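Here's the letter readout for the chains.
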Amino acid sequence: MKKTLILQFFLIFSLFASAQSEQLAQNYMDRGEFEKAQIAYEELLKSQPNNYNYFQQTVICNQQLKQFEKANKAIEDRLDKYKQSSLLVELGYNFQLQKNTDKAKKYYEQALDKIRKKPSEVYSIAPAFEQKAIIDYALQAYQIGAALDSKFNFNFQMALLYGQKGDIENMIEMFLTESYKVPQNLISIQYQFTRFITEDSKENFNEALKKAILIRIQKTQDLFWNEYLSWFYVQMKEYGKAFIQQKAIYKRNPESFANIVNLGQLAIEEKEEEAAKEILGFVLENTQDLDLKIQSNAYLMEMKIKKAAPQDYPAILLELDALLKQFGESPFTLSLLKLKAHFVTFNLKDSEAGKSILKNVLEMSINRNQNAEIKMELADILLFEEKFNQALIYYSQIESDGNNSPIGQEANLKIAKTSYYKGDFKWANHQLEVLKSASTQLIANDALDLFLLISDNTVEDSTQVALKKFSRADFLLFQDKKQDALAAFQAILKENKDDAIEPVTLLRIGKIYDSLGDTTSALANYKQILENFKECIYIDEALFYSAEIYSQLNDAEKAQPLYEELITKHEDSIYYVNAQKKYRKLRGDKEI
């Protein structure tokens with residue numbers, strides 16, 4: 001027993017020492033200290049001669065130190081001993097580093113011959129070429145292997161290699177073939193395509209992909225390719241065109257109806273309201289599903305409320321009441337009840353009626369997530385009434401029960417905003433610090449924006465006088481009291497000229513004017529940011545919102561340079577992708 005324990009101790013100690021030596025050797029490599037790394041890896045290789053990683057790192061050290069003959073001998077010795085065909089690639093690469101292309105080619109061709117004699121060798125030889133970025137030979141290796149054994153499928157690997165070469169057409173062909181042949185790889189392939197779609201600046205890739213999918217639709221009439229084209233249009237944020245494909249699919253396969261509903265939700269999230277209305281209208285015309293009818297009507301009413309003027313409110317209230325009469329008040333109509341509670345509170349300023357609706361819902365038999373949604377809305381109404389502490393209690397309950405879920409993170413953000421509205425900036429920033437890395441990107445962005453607002457305006461003004469006025473004006477915006485908020489922000493501009501808070505105040509004023517339909521005043525405020533605060537963090541927003549207004553006014557001549565400036569100078573902006581798409585359209589790029 002004692003001997004066994006001693007052996008175990010020495011084994012553990014030996015493994016620990018080996019791990020430490022390997023880490024030290026790798027550290028030398030990372031720092032470019034190849035002489036030290038060479039000594040370390042040679043010692044490791046002596047202790048574990050079969051370890052291929054130690055061998056490979058030793059050879060790399062030889063090559064970095066221009067000891068090519070030593071590297072060559074090490075590779076040849078290992079080839080004689082282990083008969084690994086991939087070592088022929090290592091030999092060739094060693095000569096390639098010496099610019100001896102003839103000898104390099106000789107060994108590369110020998111490696112390919114090994115595949116011709118034994119196709120399974122492709123699994124070691126092709127990756128060896130890939131690892132050395134010898135792309136053409138890697139492609140040949142895969143092509144030979146696939147030609148000799150029909151069971152082999154290297155479409156994905158070859159597509160990636162074509163992409164590295166910049167051979168877009170072959171990359172697309174390989175990926176599309178693989179998508180159809182092995183559907184379980186579809187998501188991985190579409191992820192690869194998405195990278196090219198967002199990075200492409202000349203539309204070459206986008207047009208090539210669209211053309212390749214269209215050819216397949218015409219040749220095969222297979223709905224798989226209609227789905228692919230719909231996916232493509234969604235990536236381009238062309239929801240109307242995606243809807244055309246989904247309608248075509250639905251006519252031949254009515255079971256695909258859920259895809260149309262999902263598309264409508266996407267269009268709503270991306271604020272593509274015209275496409276969303278068209279899609280939801282189609283849903284209402286073609287479904288007998290009660291839940292879908294209720295949800296579609298709720299989405300349509302929500303969009304209508306956002307665009308409504310006060311004179312439209314009575315008619316909207318009648319519509320909401322009619323829908324609730326049609327579908328009844330129950331857990332199934334939760335979305336409509338929640339919408340009505342919000343509308344009567346924030347638009348009609350009748351918070352008691354809003355609370356009454358929600359309290360009735362909480363007495364219904366609803367699930368945990370529904371309960372959290374209703375409590376969140378109730379907390380919003382309490383916040384509207386300036387009952388900050390009561391609102392915080394509800395938000396905290398949701399955050400605690402949510403266990404870092406999206407709704408839990410949303411509640412946490414609202415806790416931070418409530419503290420901000422109260423003027424408790426220290427506690428707000430404590431919450432926001434965590435939320436900056438939230439899993440939901442929208443929440444993370446909002447948290448970062450508010451964190452920076454508080455931080456930037458605390459450095460110059462330790463008493464936070466201007467920030468307190470600003471948070472109060474923001475609270476008026478939360479209450480949907482736009483005119484009062486506008487007056488409060490304008491007062492801040494007069495009283496805090498040249499302070500750090502000035503550019504964000506101009507941004508808020510511009511957005512309020514825009515929402516009120518006064519585009520001239522909105523543009524004037526954005527222009528002040530663009531001309532007087534060129535280094536501020538709000539410059540990309542001022543560019544984007546100005547360009548959006550000019551686009552809506554059909555003034556492409558003024559919109560285009562604003563989008564272009566955002567794209568060329570603010571690549572990290574959250575508006576970058578949207579601006580890029582709109583800029584291309586204004587520039588007159590070929591319609592996708």
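Caption draft 1: The arrangement of the packing of helix H10 (residues 168-181) against helix H13 (residues 223-235) in detail. Where H10 meets H13, the axes come as close as 11 Å, and the angle between the chain directions of the two elements is 125°. Classified by the angle between their axes, H10 and H13 sit oblique to one another. For the crossing formed where H10 meets H13, the hand is right-handed. On H13, the residues that touch Leu176, Ser179 and Tyr180 of H10 are Phe224, Trp225 and Tyr228. Tallied by class, the residues present in the contact of H10 with H13 amount to 5 nonpolar, 1 polar and no charged.

Caption draft 2: Molecular detail of empty space enclosed by the protein. Following the criterion strictly, the structure yields 1 cavity of 30 Å³ or more and no others. Volume-wise, the largest cavity comes out at about 110 Å³. Of all elements in the fold, only helix H11 (186-199) and helix H32 (576-587) reach the threshold of two or more residues within the lining of the largest cavity. At 4 residues, the largest contribution of residues to the lining of the largest cavity is made by H32. Split by residue class, the lining of the largest cavity holds 3 nonpolar, 4 polar and 3 charged.

Caption draft 3: Representation of the pattern of salt bridges in the model. The final tally for this structure, using the stated rule, is 25 salt bridges. For Lys36, the salt bridge is made with Glu33, and the minimal N-O distance between the two is 3.4 Å. Since its relative accessible area comes to 46%, Lys36 is described here as partly exposed. Glu33 sits in the partly exposed class, given a relative accessible area of 26%. For Lys527, the salt bridge is made with Glu531, and the minimal N-O distance between the two is 3.8 Å. With Lys527 and Glu531 both in helix H29 (residues 519-532), this residue pair falls 4 residues apart, about one helical turn. Under the relative-accessibility criterion, Lys527 is labelled partly exposed at 48%. Overall, Glu531 belongs to the partly exposed group, its relative accessible area being 48%.

Caption draft 4: Here's a closer look at the environment of Leu44. Summarising the element assignment, Leu44 is placed in helix H2 (residues 34-47). Residues Leu44 and Leu65, spaced 21 residues apart in sequence, show a C-alpha to C-alpha distance of 19 Å.

Caption draft 5: Seen up close, the packing of helix H28 (residues 502-515) against H29. Running from amino to carboxyl end, H28 crosses H29 at an angle of 165°, the nearest separation of the two axes being 7 Å. By the criterion of interaxial angle, the relationship of H28 to H29 is roughly antiparallel. In this structure, H28 crosses over H29, and the sense of that crossing is left-handed. Note on element contacts: H29 touches H28 through Thr519, Ser521, Ala522, Asn525, Tyr526, Gln528 and Ile529, opposite Pro503, Leu506, Leu507, Ile509, Gly510, Lys511, Tyr513 and Asp514.

Caption draft 6: Up close: the nonpolar core. By size, the foremost hydrophobic cluster in this structure holds 86 residues, and its most contacted members are Phe129, Leu176, Phe193, Leu209, Ile213 and Phe232. With near-sequence residues (within four places) excluded, Leu209 lies in contact with Ile172, Leu176, Phe193, Ile197, Trp231 and Phe232. In this structure, Ile415, Ile492, Phe533 and Cys536 belong to the second largest nonpolar core, which totals 69 residues.

Caption draft 7: The arrangement of helix H19 (residues 334-347) in detail. Over its 14 residues, H19 extends 19 Å from the first C-alpha to the last, a length consistent with the 20 Å expected when each residue adds 1.5 Å. Taken residue by residue, H19 has Leu334, Leu336, Leu337, Leu339, Lys340, Ala341, Phe343, Val344, Thr345, Phe346 and Asn347 as its buried positions. Contacts from the buried residues of H19 go to helix H17 (290-307), helix H18 (313-327), helix H20 (351-362), helix H21 (368-384) and helix H26 (465-478). Following H19 by one or two positions, Lys349 has its phi on the positive side, about 60°.

Caption draft 8: Expanded view of unusual backbone geometry. Phi at Gln221 takes a positive value of approximately 60°, unusual for a residue other than glycine. Turning to its location among the elements, Gln221 is positioned in the loop between helix H12 (204-220) and H13. Judged by its relative accessible area of 46%, Gln221 is partly exposed. Phi at Asn554 is positive, roughly 60°, even though this residue is not glycine. We classify Asn554 as exposed; its relative accessible area is 70%.

Caption draft 9: View of the confidence of the model for the chain. Across the chain, the average pLDDT comes to 91, with 94% of residues at or above 70. Every residue in residues 1-17 scores below 50 in pLDDT, and together they form 0 contacts with partners more than four places removed in sequence or on other chains.

Caption draft 10: Structural context of the layout of surface pockets. Space inside the second largest pocket adds up to approximately 370 Å³. What lines the second largest pocket is a set of 17 residues, among which Asp449, Ile537, Asp540, Asp572 and Ser573 lie closest to the centre. Taken together, the elements giving at least two residues each to the lining of the second largest pocket come down to helix H25 (441-459) and helix H30 (539-552). Here the lining of the second largest pocket takes 4 residues from H25, the largest share from any one element. Looking at the lining of the second largest pocket residue by residue, the classes come out as 8 nonpolar, 3 polar and 6 charged.

Caption draft 11: Inspection of helix H5 (residues 87-97) at higher detail. Counting buried positions over the 11 residues of H5 gives 9, a clear majority of the element. Listed as buried for H5 are Leu87, Leu88, Val89, Glu90, Leu91, Gly92, Tyr93, Asn94 and Phe95. Where the residues of H5 are buried, they touch helix H3 (52-64), helix H4 (68-82), helix H6 (101-117) and helix H7 (122-131). Positive backbone phi, approximately 65°, marks Lys99, located one or two places after H5.

Reading the values: rules and limits
- Residues numbered from 1 in each chain as written.
- Predicted model: local features only at pLDDT ≥ 70, side-chain atom pairs only at ≥ 80, totals over all residues.
- Heavy atoms only, no water.
- Axes fitted to C-alpha atoms, helices over the stretch in contact; angles between N-to-C directions.
- Helix = DSSP H or I, 4+ residues; strand = E, 2+ residues; numbered from the N terminus.
- Parallel < 35°, antiparallel > 145°, perpendicular 65-115°, else oblique.
- Left-handed = near helix turned anticlockwise from the far one by under 90°.
- Contact = heavy atoms within 4.5 Å.
- Nonpolar A, V, L, I, M, F, W, Y, C, P; charged D, E, K, R; others polar.
- 1 Å grid on protein atoms, 1.4 Å probe; cavity = no way out; pocket = protein on both sides within 12 Å on 5 of 7 lines; lining within 4 Å.
- Points joined across faces, edges and corners; volume = space filled by probe spheres on them.
- Salt bridge = Lys/Arg side-chain N within 4 Å of Asp/Glu carboxyl O.
- Buried < 20%, exposed > 50% of the residue type's maximum accessible area, 1.4 Å probe, protein only.
- Core = buried A, V, L, I, M, F, W, Y, C linked by side-chain atoms within 4.5 Å.
- Expected span 1.5 Å × (residues − 1).
- pLDDT = per-residue confidence, 0-100.

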